Amino acid sequence: MNAASLTGMTALSIGKDIRLNSAEELEATLRHIGATRYHSLHPFHKLLHGGKLNKGQVQAWALNRYYYQSTIPIKDAVVISRFRDRATRLEWRHRIEDHDGDVGSEGGIERWLKLTEGLGLDTAYVESTEGILPATRFAVEAYVHYCREKSPLEAIASSLTELFAPNLHEERIAGMLEHYDFVNPDIMSYFKRRLAQAPRDAGFALDYVKAHATTPEQRAQVCNALIFKTNVLWVQLDALQHAYVEGHIPPGAFVPKAS
Ligand SMILES: O=C(O)c1cc(C(=O)O)c2c(n1)C(=O)C(=O)c1cc(C(=O)O)[nH]c1-2
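If you're wondering where the values come from, they're calculated on a predicted model, not measured in any experiment.

Glancing now at the overall build of the protein. Of the regular secondary structure elements, the protein holds eleven helices and zero strands. Taken from N to C terminus, the helices and strands of the protein fall in the order α-α-α-α-α-α-α-α-α-α-α. For 259 residues, the compact-globule formula gives about 18 Å, and the C-alpha radius of gyration of the protein, at 19 Å, lands near that figure. In terms of overall dimensions, the protein has C-alpha extents of about 55 × 45 × 35 Å along its principal axes.

Written out as structure tokens, the structure reads:
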């Protein structure tokens, strides 16, 4: 089967029946996976960006996403640890600085805390991660484990969801500013900044997998890494939907104040 015949498939898994014979077929398949599985398609995002959530539900989203954000540099340190090749480590290193910042310069985690603070959440509570959903913790930890245990190629490939993030961030900035009176450009600065950072990161990762996955088996591994990661993102929104839209908040998780 070639990449072109994937178009229109709804349930995609890369098994022995799919043979990707070139870097171009690999890229087409990765883009198909993004178009059919990225969490931009999740109903919770439709509610978030369409102004259909109340403030407590938006708080729950930002609180849970903090765990993802603050784990990304830990994940990236794991990715770096997989490479003896200095050039790859050097290239990957800026990702940690993008999130952690540097002496005297703000990073993404601080920008995320501006968002949670602007939404009225106590920063110490957010940083404690005490109120997050169990599913958030499990999904995010699975991502770190994946990067530690799979091949270095798969560790890099699992970051490829970022190819699809800028469109989603554009939609989020516009939608949240338009629909929520408790949101302003200042607290959305995290996403504005990512619009510049993500394409560079995703571009490197895409070039890397196209150059280093040289067999159909390795190309299938790259695709499966992206599928794994879309699942990591999707289940986090499933859990938010179940808890905060359908009302089944697990014991111990954040309970929004009645507004
Ligand atoms: O808001 C989003 O939907 C979203 C998605 C993703 C992603 O696709 O993994 C990332 C981010 N944001 C993000 O801000 C970010 O820094 C980031 C790093 C990574 C990664 O896997 O290394 N993904 C993402």
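Further notes follow.
Another point: a negative patch on the surface. Together, Glu97, Asp100, Asp102 and Glu110 give the surface a local cluster of negative charge. Note on placement: aspartate 102 falls in the loop between helix 4 (86-100) and helix 5 (108-118). Using a relative accessible area of 48% as the deciding quantity, one classes aspartate 102 as partly exposed.

Turning to helix 5, its buried residues number three or more, namely Gly108, Ile109, Arg111, Trp112, Leu113, Leu115 and Thr116. Contacts from the buried residues of helix 5 go to helix 3 (55-81), helix 4, helix 6 (123-128) and helix 10 (189-212). In the stretch just after helix 5, glycine 120 is the one whose phi turns positive, near 95°.

On to the pattern of salt bridges, then. A complete count under the given rule lists ten salt bridges for this structure. A salt bridge links arginine 95 to glutamate 162, with the nearest nitrogen and oxygen atoms 3.7 Å apart. Of this pair, arginine 95 sits in helix 4 while glutamate 162 is found in the loop between helix 8 (152-157) and helix 9 (165-179), placing the two residues 67 residues apart along the sequence. By relative accessible area, arginine 95 is classed as buried at 2%.

Non-glycine residue threonine 129 carries a positive phi angle of around 60°. Counting through the fold element by element, threonine 129 comes out in the loop between helix 6 and helix 7 (134-149).

By nearness alone, 19 residues border the ligand, and Tyr68, Tyr143, His169, Tyr190 and Lys229 come closest of all. Here an oxygen atom of the ligand sits 2.7 Å away from a polar atom, N or O, in the side chain of tyrosine 38. One of the side-chain nitrogen or oxygen atoms of lysine 229 is found 2.6 Å away from an oxygen atom of the ligand. Going through the elements one at a time, helix 3, helix 9, helix 10 and helix 11 (216-245) are the ones with two or more residues in the shell around the ligand.

Its 24 residues place the ends of helix 10 35 Å apart at the C-alpha level, agreeing with the 34 Å of an ideal helix rising 1.5 Å per residue. Bending of helix 10 peaks at approximately 40° at the position of leucine 195, with proline proline 199 no more than four residues after it. Along helix 10, the positions that sit buried rather than exposed are Ser189, Tyr190, Phe191, Arg194, Gln197, Ala198, Asp201, Ala202, Ala205, Leu206, Tyr208 and Val209.

Turning to the packing of aromatic side chains, a few remarks are in order. With the rule as written, the count across this model stands at 14 aromatic pairs. Summarising the aromatic geometry, the rings of tyrosine 125 and phenylalanine 254 are spaced 6.3 Å apart at their centres and angled 45° between planes, so their arrangement reads as tilted. With tyrosine 125 in helix 6 and phenylalanine 254 in the segment after helix 11, this residue pair connects regions lying 129 residues apart in the sequence. The partly exposed category is assigned to tyrosine 125, whose relative accessible area is 25%. Centroid distance tyrosine 244 to phenylalanine 254: 6.3 Å. Interplanar angle 45°. Geometry classified as tilted. Highlighted residues: tyrosine 244 in helix 11 and phenylalanine 254 in the segment after helix 11, separated in sequence by ten residues. Overall, phenylalanine 254 belongs to the buried group, its relative accessible area being 9%. A connected cluster of aromatic rings, assembled from ring pairs, spans Trp61, Trp112, Tyr190 and Phe191. Here arginine 95 stacks its cationic end above the ring of tryptophan 92, 3.5 Å away from the centre of that ring.

On to the confidence of the model for the protein. Predicted coordinates in areas of low pLDDT are best not read in detail. Looking at the protein as a whole, the pLDDT averages 94, with 94% of positions reaching at least 70. Scored below 50 in pLDDT, residues 7-11 makes six contacts in the model with residues more than four places away or belonging to other chains. This prediction of the complex comes with two scores: 0.94 for pTM and 0.94 for ipTM.

What counts, and at which threshold
Residues numbered from 1 in each chain as written. Predicted model: local features only at pLDDT ≥ 70, side-chain atom pairs only at ≥ 80, totals over all residues. Heavy atoms only, no water. Helix = DSSP H or I, 4+ residues; strand = E, 2+ residues; numbered from the N terminus. Rg over C-alpha atoms; globule rule 2.2 N^0.38 Å. Patch = residues over 30% accessible without salt bridge, like charges linked within 9 Å, V, L, I, M, F, W, Y side chains within 5 Å. Areas by Shrake-Rupley, 256 points an atom, 1.4 Å probe, with all protein chains shown as cover. Salt bridge = Lys/Arg side-chain N within 4 Å of Asp/Glu carboxyl O. Lys, Arg positive; Asp, Glu negative; His and termini not counted. Charge placed at Lys NZ, Arg CZ, Asp CG, Glu CD. Buried < 20%, exposed > 50% of the residue type's maximum accessible area, 1.4 Å probe, protein only. Contact = heavy atoms within 4.5 Å. Near = heavy atom within 4 Å. Polar contact = N/O pair within 3.5 Å; in protein donor to acceptor, adjacent residues only side chain to side chain. Expected span 1.5 Å × (residues − 1). Bend = angle between axes of the 7 residues up to and from the residue. Phe/Tyr/Trp six-rings, centres within 6.5 Å; stacked < 30°, edge-to-face > 60°. Lys NZ or Arg CZ within 6 Å of the ring centre and 35° of its normal. pLDDT = per-residue confidence, 0-100.

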